[in-house]
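# Examining the three-dimensional arrangement
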Amino acid sequence: MAVGGSEVEILKPRCDKREYRRIVLPNCLEVLLVSDPETDKAAASMNVSVGYFSDPDGLEGLAHFLEHMLFYASEKYPVEDSYSKYITEHGGSTNAYTTSEHTNFHFDVNADCFEEALDRFAQFFISPLMSPDATLREIKAVDSENQKNLLSDGWRMSQLQKHLSSKNHPYHKFSTGNWNTLEVIPKSNGLDTRLELLKFYEENYSANLMHLVVYGREDLDAIQSLVERNFSNIRNIGRSSIHFPGQPCSSEHLQILVKAVRIKQGHVLRVIWPITPSIRNYKEGPCRYLGHLIGHEGEGSIFFFLKQLGWALSLEAGEGDWNFDYSFFSVVIELTDKGHEHLEDIVGLLFRYISLLQNSGVNKWIFDELVAISETKFHYQDKFSPSHYVVNISSNMQIFPPEDWLVASSLPSKFVPSAIQKILDELTPENIRIFWESKTFEEHTDSVEPWYGTPYSVETVTSPTIKQWIAKAPNVNLQLPKPNIFIPSDLAIKNVQEKVKFPVLLRKSRCSRLWYKPDTMFSAPKAYIRIDFNCPQSNLSPEAEVLTDIFTRLLMDYLNEYAYDAQVAGLYYAICDTGTGFEVIVLGYNDKMRILLETIVGRIEQFEVKPDRFSVIKESVIKEYQNFKFQQPYKQALYHCSLLLEDHTWPWSDKLEVLPHLEANHLAQFSTIMLEKIFLEFYIAGNIEPNEADSIVQHIEDILFKSTHPKCKPLFPSQHLTNRVIKLERGLCYYYPIEVLNEKDENSALVHYIQVHQDDIKLNVKLQLFALIAKQAAFHQLRSIEQLGYITALVQRNDSGVRGVQIIIQSTIKDPAFLDARVNAFLEMFENKLYEMTNEEYKSNVTALIDMKLEKHKNLREESAFYWREIVDGTLKFDRRESEVAALRELSKEELLDFFSTYVKVDAPQRKTLSVQVYGGLHTAEYRKVVQEADTPKVSQIKDVFSFRRSRPLYGSFKGGLGHMKL
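What counts and what doesn't
- Residues numbered from 1 in each chain as written.
- Predicted model: local features only at pLDDT ≥ 70, side-chain atom pairs only at ≥ 80, totals over all residues.
- Heavy atoms only, no water.
- UniProt positions renumbered as here; feature names shortened; annotations may be inferred.
- Helix = DSSP H or I, 4+ residues; strand = E, 2+ residues; numbered from the N terminus.
- Rg over C-alpha atoms; globule rule 2.2 N^0.38 Å.
- Buried < 20%, exposed > 50% of the residue type's maximum accessible area, 1.4 Å probe, protein only.
- Contact = heavy atoms within 4.5 Å.
- Lys, Arg positive; Asp, Glu negative; His and termini not counted.
- Charge placed at Lys NZ, Arg CZ, Asp CG, Glu CD.
- Pairing = 2+ DSSP bridges.
- Axes fitted to C-alpha atoms, helices over the stretch in contact; angles between N-to-C directions.
- Salt bridge = Lys/Arg side-chain N within 4 Å of Asp/Glu carboxyl O.
- Core = buried A, V, L, I, M, F, W, Y, C linked by side-chain atoms within 4.5 Å.
- Phe/Tyr/Trp six-rings, centres within 6.5 Å; stacked < 30°, edge-to-face > 60°.
- Bend = angle between axes of the 7 residues up to and from the residue.
- Disulfide = S-S within 2.5 Å.
- Expected span 1.5 Å × (residues − 1).
- Polar contact = N/O pair within 3.5 Å; in protein donor to acceptor, adjacent residues only side chain to side chain.

As recorded in an unreviewed UniProt entry, the protein goes by the name Peptidase M16 inactive domain, listed as coming from Musa troglodytarum. The record held by UniProt for the protein lists under Cofactor (unreviewed entry) the comment "Zn(2+)".

So, on to the overall build of the protein. The helix and strand tally for the protein stands at 31 helices and 28 strands. For 967 residues, the compact-globule estimate of 2.2 N^0.38 gives 30 Å, and the protein sits close to it at 29 Å. Each of the three principal axes of the protein carries a C-alpha extent, and together these read 75 × 70 × 65 Å. Here the protein, with 967 residues, has 60% of them falling under the buried criterion. Intrachain contacts of the protein at a sequence separation of at least 6 include 82% that bridge at least 24 residues. Positive and negative side-chain charges of the protein, numbering 105 and 129 respectively, have mean locations separated by a distance of 3 Å.

Let us look at the sheet that holds strand 2 (residues 30–35). The 6 strands are arranged 1-2-8-3-6-5 in an open sheet whose pairing can be described as mixed. Both outer strands of the open sheet, strand 1 (19–24) and strand 5 (93–98), are each paired with one neighbouring strand and no more. Strand-to-strand twist of the sheet, defined as the mean angle between neighbouring strand axes without regard to direction, takes the value 10°. Lying over the sheet, helix 2 (residues 82–89) contacts strand 5 and strand 6 (103–110), oriented at roughly 40° with respect to strand 6.

Right, let's talk about the pattern of salt bridges for a bit. Under the counting rule described, the total for this entry stands at 60 salt bridges. A salt bridge links lysine 307 to aspartate 557; the nearest nitrogen and oxygen atoms lie 3.5 Å apart. In this pair, lysine 307 is assigned in helix 10 (residues 302–308) and aspartate 557 in helix 17 (residues 542–568), connecting sequence segments 250 residues apart. Assigned by exposure class, lysine 307 and aspartate 557 land together as buried. Between glutamate 681 and lysine 959 there is a salt bridge whose closest N-O contact spans 3.6 Å. Within this pair, whereas glutamate 681 is found in strand 21 (residues 677–686), its partner lysine 959 is found in the segment after helix 31 (945–951), the two being separated by 278 residues in sequence.

This chain's UniProt record puts "domain: Peptidase M16 C-terminal" (unreviewed entry) on residues 193–372. Note that residues 193–372 is 39% helix and 23% strand, and that its end C-alpha atoms are spaced 53 Å apart.

Our next topic: the UniProt feature "domain: Coenzyme PQQ synthesis protein F-like C-terminal lobe" (unreviewed entry) in the protein. According to UniProt, the "domain: Coenzyme PQQ synthesis protein F-like C-terminal lobe" (unreviewed entry) feature falls on residues 769–868. Taken as a whole, residues 769–868 contains 62% helix and 18% strand, while its terminal C-alpha atoms sit 24 Å from one another.

Counting 92 residues, the largest nonpolar core has Phe533, Phe582, Leu667, Leu704 and Leu914 as its most contacted members. When residues of this core are assigned to their parent elements, the largest contribution, 11 residues, is made by helix 17. Aside from chain neighbours lying at most four places away, what touches leucine 704 is Phe533, Val601, Glu605, Ile678, Leu680, Pro710, Lys711 and Cys712. Leu62, Ala63, Leu118 and Cys249 belong to the second largest nonpolar core, which has 72 residues in total.

This part covers the environment of leucine 819. Relative to the helices and strands, leucine 819 resides in helix 25 (residues 816–836). Given a relative accessible area of 0%, leucine 819 falls into the buried group. Separated by 687 residues in sequence, leucine 819 and proline 132 have C-alpha atoms that sit 26 Å apart. If we ignore the near neighbours within four places in the chain, the residues touching leucine 819 are Leu750, Leu788, Ile809, Ser811 and Lys814.

Looking now at the packing of aromatic side chains. Throughout the structure, instances matching the rule amount to 49 aromatic pairs. Plain terms: the ring middles of tyrosine 52 and phenylalanine 53 are 5.4 Å apart, the flat faces sit at 90° to each other, and that makes the pair edge-to-face. Accessibility expressed as a relative area gives 7% for tyrosine 52, which makes it buried. Relative accessible area serves as the criterion here: at 3%, phenylalanine 53 is assigned to the buried category. Centre to centre, the rings of phenylalanine 770 and phenylalanine 830 are 5.9 Å apart; their planes meet at 75°, and the pair counts as edge-to-face. Here phenylalanine 830 lies in helix 25 and phenylalanine 770 lies in helix 24 (residues 761–785), a separation of 60 residues in the sequence.

Attention now moves to helix 17. Maximal helix bending in helix 17 amounts to about 75°, located at asparagine 560. Within helix 17, 20 of the 27 residues are buried, which leaves it mostly tucked inside the rest of the structure. Downstream of helix 17 by a residue or two, glycine 570 has a phi angle that is positive, lying close to 95°.

Formally, a disulfide is one covalent bond, and it connects the sulfur atom of one cysteine to the sulfur atom of another. One pass over the full model with this rule turns up 0 disulfides. Cysteine 576 forms no disulfide, and the closest cysteine sulfur to it belongs to cysteine 535, at a distance of 13 Å.

So, about helix 18 (residues 593–605). For helix 18, which comprises 13 residues, the first-to-last C-alpha distance of 18 Å matches the rise-based estimate of 18 Å (1.5 Å per residue) to within 8%. Taken together, the buried positions of helix 18 are Met593, Leu596, Leu597, Ile600, Val601, Gly602, Ile604 and Glu605.

Once that is clear, we can look at the side chain of arginine 797. Relative to the assigned elements, arginine 797 resides in strand 25 (residues 792–799). Of note is the side chain of arginine 797, whose polar atom sits 2.9 Å from the side chain of serine 642. Here the side chain of arginine 797 touches aspartate 799 through a polar contact of 2.8 Å, side chain to side chain. When residues no more than four places from it in sequence are discounted, the contact partners of arginine 797 are Leu638, Cys641, Ser642, Leu645, Tyr753, Val802, Arg803, Gly804, Val805 and Gln806.

A word on the environment of leucine 645. Locating leucine 645 in the fold gives a position in helix 20 (residues 633–645). Setting aside residues no more than four positions away along its own chain, leucine 645 makes contact with Arg724, Val725, Ile726, Leu728, Tyr753, Gln755, Arg797, Asp799 and Leu914.

Reading across from one edge, 11-12-10-13-9-15-14 is the order of the 7 strands in this open sheet, with mixed pairing throughout. At either end of the open sheet lies a strand with only one pairing partner, and these are strand 11 (312–322) and strand 14 (447–448). Bridge count between strand 10 (residues 267–275) and strand 13 (residues 433–438): 6 bridges; the pairing is antiparallel. Among the inter-strand pairings, valine 271 is bridged to a residue of strand 13, identified as isoleucine 434. The sheet strands contacting helix 5 (residues 153–163) are strand 9 (256–260), strand 10, strand 13 and strand 15 (455–460), and the helix crosses strand 13 at an angle near 145°.

Okay, here's the thing in structure tokens:
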């Protein structure tokens, strides 16, 4: 039935065993079929070439609103929310997003359920139902989505850049929509939003403007047949491609310096130039080349010197917003307080580096190095989730020719200096837009951006002015980067003799344990090494925890100019605080991994505090803690929940209080004490042989424990730190009301947590099955029907092996106590649905959960994270999935109902509940009322976190001292 299909060969990675086929249906829908016999999940993505640029004037957000509405129902499947329910109950997920010129819809689902899922999905584009009732409810959801963005600097600054552009260009538009733009204003203009929605759909959703990717387990012929059957009825009205010629910025929007007030602490400098879109020369990669050089962090780079001067914390460079007609190249620099006072010098240095690039010419060796890195990355790329994969490809299909759908612009291959020079010539003082963002500009601005209320002011910055800045900038020796020593040359796959299924304990000493897992799945020249440094001194006090955090950040800071090349070449590393010490993670190509790892360990062993860098890092940590109060209220609720449940954690407010008094000499003393007694837990996996893994551990032990004056000594078994969790009271509901930290935030939030049990295979699967069945029902009732808030979710929770379920809601509509009552009302209603569930529905849910558990790990990172969780929790159930599948096969419907009645049902005698209630700015009166309420026999208010923690018993830890480890 497909009328077309090219014989063009689609370029794919060398190690990619999947098969691909392009077809065109009679209605001109262009489709890419992907056959992957090994996949456990099937997926599809439809990219529609219409976005918010097409919103009618006075109906801002209509394209985004339509994206929401298509999920509700269709003529073939008229039951509201039945699409999302089907996908969720069959192990999948579903989502969509709207950009300037595209709307993308996508889902994944257990592979055996693909046919019906695809049919339901296709109805979005054939015969959607948009009932008047659903329309009004979903406007509220869009408004709630916008409410959560109002105090986000990312959204605010993006809109400010759009605001300061030509009103005649759609770049200027507001994309999300809100209650005013979708309900109040249309109504005042005599418009019916639902009729406008239908009209927008009819006029724009045409098969010839759509691109579909379908990813399944079946062979290509079977997938093609499925696609032809389901998608041939999408109408094609011959809508011509929608173009928006012209430039967003006229001369009045160039040579400007915009001072904008941030919500959060910190200063950001954005230097932006309109440029020729590099999509026109994507094989030449001009912005890739320039972004690589301007954004480089090695010796001689702009960032290297900005860091040396103590002026910058980070720098990124590259192409930003773009289409075929316009594009922007941006350099984004996070400034220190000192850097904030040197804006002119920083812009001057940036132009000095651009001048260096002009004078050095376009270097073929740098381009060739980028090509080598890009080719290795493309041909040895990890497999990732089918849903992400299909989204990436479908969004490429309108932009690139079919042969480049998989590779897009990631593989520059033609060295054309003039293409790079053309963009470089556009990075001029005459073409510049500078956005300078800081809280210090409060009350020093004269304008307000209308959609988010961001205060700002605009000054003119002329070319002669910038030339003065260039002349007076510090005289530093800016240089091009040196050749990258971390580009892998040995990509051979090592032959592992013993094909072990699970990690094995390869070695054990008083200093360390090594868990080893060779790659038996992915055949990739990559490895994963994770080292947990268990340091009892690291969390004895708020001061100790803060100093441990600064210690890890300083290590990252010291390594940056040396190891930046490793990250460019695909070898990644991280050093972070864990609460029981810190950990080092290295992953990527195994070829040069040992060099990097031994350098990191050497820096730990020779750690010294550089006072100037300590000051910079301390300043950034202080701002991070200060900015905690600007987190979304639901994240604050989750934080308070963890603080109440985890036995040995310090509140952010204590850490913020001690921070200003800590100096470099405190860290110098502390780091020696912290490292004096440690235990190392290693996990080494991937393309590494066992003797090599053993040798790495031996070498690190020698450096840290066995030198002439060893830095470290092994822990006594009694000293091992563990994470222990508060045990809630059966039959009692605790609630913790607290005000939102940022009084300007109107959003309230609830985390309603039901604690169930400590890790137990049978109880685990009962909890997981309940969560699978209840997830979409909770979302539909609390968000879609009751419209309590855009952020609504029912998810499982696992604290060091202590498991439960939590319902999260963020709302401006109702206060948290009301939300809590609605959660209980939902659970009472859901009880009836659970009891009405047929045996067939029960079996279908069990099968879906089994399929989800049997889903293979897609890459080494995913597999390693799974096994590491078992190690770090001390549960060591490496065969967990197989054990849980076996338990599920034995589980009866009656056992699930009994589980619900015992642990989840409202007023169940075994039920253990904690309700964390964050009251937003609109609900202060309700907060004042709730804190005065007296306890009842079944409801108890927590007034003090630490009194509560001290009063409660703890669950035992799976991770005892060294002598008690389960091996």
